[in-house]
2 protein chains.
Amino acid sequence: MREIAIIGIGQTPISENWSQSLREIAGEAVLKALEDAGLTSCDGLFVGNMLSGLLSQQENLGTLISDWVGIQYKEAFKVEAACGSGAAALRMAVMSVSSGELDCAIAVGVEKMTEMKGTETTAALATAADADYEVVHGLSFVGINALVMQRYMHEFGWKHADFAPFSINAHANAVHNPNARLREVISEKDYQRARMIADPINLLDASPIGDGAAAVVLMPANLLKTSFSDANNKKHPIVTIAGSAAATDTIAVHSRSDPLWLAAAEKSARRAYIQAGIGPKDIDLFELHDAFSIMSALSLEACGFAEQGQGLRLGLDGRICPKGQIPIATLGGLKARGHPVGATGIYQIVEVVQQLRGEAGPTQVDGAKIGMAQNIGGSGATIITHILRTGRN
Amino acid sequence: MREIAIIGIGQTPISENWSQSLREIAGEAVLKALEDAGLTSCDGLFVGNMLSGLLSQQENLGTLISDWVGIQYKEAFKVEAACGSGAAALRMAVMSVSSGELDCAIAVGVEKMTEMKGTETTAALATAADADYEVVHGLSFVGINALVMQRYMHEFGWKHADFAPFSINAHANAVHNPNARLREVISEKDYQRARMIADPINLLDASPIGDGAAAVVLMPANLLKTSFSDANNKKHPIVTIAGSAAATDTIAVHSRSDPLWLAAAEKSARRAYIQAGIGPKDIDLFELHDAFSIMSALSLEACGFAEQGQGLRLGLDGRICPKGQIPIATLGGLKARGHPVGATGIYQIVEVVQQLRGEAGPTQVDGAKIGMAQNIGGSGATIITHILRTGRN
């Protein structure tokens, strides 16, 4: 296997973007990433997307986007793993380069979700869950997560207000991210007074949908040394992929022996830690999948940052902010940067690269050398973990 | 890169299958392939599927199917490239093993299409084309192919009846394939009298949709020698992947300088030929993507079996039957075996393996050593070519 460097990143602001089509949004991120890498084309394009068929009546996105950006006769596919589609596309791009089959691959995540009625988008998002055994009972995706959060509070004795630090931290960080969808500070009072969506999940427990795309360019690390120049002759330090792993769990939450344990997060994180030769204590920042605040707690626990049932303590003790012990959602996370579902996994990677390059602005994590990103499809059903580091392994 | 062997194949009969759900159909093919390989699990599952979101309100198929067949905590994703989704999933599985990241991968293609109204399925299939620049004008997928066929007849001076051998050969071969959807011989008169769908494409130019799944199990060839035993202690000769390549073209047919030339077929076939160190004359059989009879002609031409505009001669001269110079659709092809779109690319691979094992029954190609399969997504937009051979390279 060849070691892989991320030599280009690109992203669009996440918004309600009715003036650009799906291919235009994706194309913008791809071209920005290529410019950042100082390249004009690549050998293959892997598109992370969940909902284009249902919401845009468009499949075959690999070819659609390659065609749009002028990448001709290369290979291109769409990869889907519900809200984990972005990292799934990255995982495929990693394999394409590590195998030696391609020398330069792009992973782009894109989603266009805001033009449909809310009920249609909610129905589309429910395709991440088990249609025959969960959705058939009338459960929506937020409904499933509400049941998990309810159970967590019951089992471990927490109050709703104890989840507040996750959302407050995410919003505080997003203020400084020009690409974030919700750039506003929230208080604990705001959090507690927010409109209820599916008890106990209220509006400030939930991440907003959005339209957006993010892209990364991969190359074998041995083709570079310690840095490279982008199209504008700006020097960037090299960032490499130290760990890349994925794991599935049952698709339905009710099939798990412990619905409060993200086994797929544990397995994929453990594999990534072993590949990188590190453990949780070595992680300088963790872009986790905070689609709902309960998911922040479960992710921190499954990845070894807290005991089961105790993930909330990290927030309550102030350890998740950019200056804390384990910074999360450093540029807003899903909660405030926004969650254009199939694009999210690549936004996370782009943000970890920004941190490792030292280009994250006011929420820069001091001296960040190792960052982890974890993207989840379904309610813990498909979990993909990547560990990035500065320099070569 | 590691050389890869296909050590297990499985398929379900293609039918109007309302008694099994999507996961049950896929699971049946996966379990058959594992049994054929003498295995009970694998390291990763790659699902080729196009329409599950639109037609079954179910995404996240990688995890859905892994969960159903009891493959736990491995990685699994859905790969989509319209009607080329099956071979796209195989391509990903190939990369996962050739990279050394996985030691055993399954590619499964599945589609469940017949429970919806025909108009809904037609609308869903149109997501393979360009929503903004083709479908918006009222073009259906068969409509696009009809325009191409019309132009081909005009440009090269052929009559509709000249396409008949493609459909007649496919039906004649499917009679002997227990998994085929249409197991009935057709005559030239039947062909000419068939009901018109989109002039000049009539019912017997078009492949039928269907419900079905097919799966293959991949391992590094160096873990085997020349043969292996399945779960029933039956010996199979080893079949390896000698070439694996994909290429995109423009998504819309009208964007091509020559709408009658499948540039992506040419490019991906050429790459596969180079990898295998062979040329068209070395191919013993070719499972091509005969979704419409015009596509058989275009595929044969782009892959070097005929000059442009002369692909029909191979049919008229009797060279495409199992005893001919370049047998195609040897077990029925899309035309008569059936075309469950995201599954088709894997059915093709399974059939090539059947031929190379000498287990293809009455339509066995004598002494078949090298077989090619080509799967197309959209109207020539995404084309994936695989070359398989007996023994190791």
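The following paragraphs examine the structure supplied in this document. Please read all numbers here as calculations on a predicted model, not as lab measurements.

Looking now at the overall build of chain A. Helix and strand counts for chain A come out as 13 helices and 13 strands. For chain A, whose C-alpha radius of gyration is 19 Å, the value lies close to the compact-globule estimate of 21 Å for 393 residues. Summarising its shape, the C-alpha atoms of chain A cover approximately 55 × 45 × 40 Å along the three principal directions. Burial analysis of chain A (393 residues in total) assigns 67% to the buried set. A sequence separation of at least 24 residues applies to 77% of the contacts in chain A between residues at least 6 apart. Of note, chain A has its 32 positive side-chain charges centred 5 Å away from the centre of its 41 negative side-chain charges.

On to the environment of I168 of chain B. All names here are of chain B. Considering the arrangement of structural elements, one finds I168 in helix α7 (residues 164-174). Classification of I168 as partly exposed rests on a relative accessible area of 25%. For I168 and P200, which are 32 residues apart along the polypeptide, the C-alpha to C-alpha distance reads 17 Å. If we skip the residues at most four places from it in the chain, I168 touches I186, S187 and E188.

Between chain B and chain A, which share one sequence, the superposing operator has a rotation angle of 180° and an axial displacement of 0.0 Å; the RMSD is 0.0 Å. Read as a symmetry element, the transformation amounts to a two-fold axis. The C-alpha atom lying nearest the rotation axis in chain B is that of S99 of chain B; the distance is 1.7 Å.

With that out of the way, let us pick up the pairing of strand β4 (residues 105-111) of chain A. All names here are of chain A. Most of β4 is tucked away: seven of the seven residues are buried. Alternating positions in β4 separate into two faces, A105, A107, G109 and E111 on one and I106, V108 and V110 on the other, with burial throughout. Bridge count for strand β2 (residues 44-48) against β4 is five bridges, and the pairing is parallel. By the bridge assignment, G44 is partnered in β4 with A105. In this sheet, strand β7 (residues 212-220) lies alongside β4 in antiparallel orientation, the contact comprising seven bridges. When the bridges of β7 are listed, I106 appears paired with V217.

Cut-offs applied
- Residues numbered from 1 in each chain as written.
- Chains lettered and ligands numbered in written order.
- Predicted model: local features only at pLDDT ≥ 70, side-chain atom pairs only at ≥ 80, totals over all residues.
- Heavy atoms only, no water.
- Helix = DSSP H or I, 4+ residues; strand = E, 2+ residues; numbered from the N terminus.
- Rg over C-alpha atoms; globule rule 2.2 N^0.38 Å.
- Buried < 20%, exposed > 50% of the residue type's maximum accessible area, 1.4 Å probe, protein only.
- Contact = heavy atoms within 4.5 Å.
- Lys, Arg positive; Asp, Glu negative; His and termini not counted.
- Charge placed at Lys NZ, Arg CZ, Asp CG, Glu CD.
- Least-squares fit on C-alpha atoms with pLDDT ≥ 70 in both.
- Pairing = 2+ DSSP bridges.

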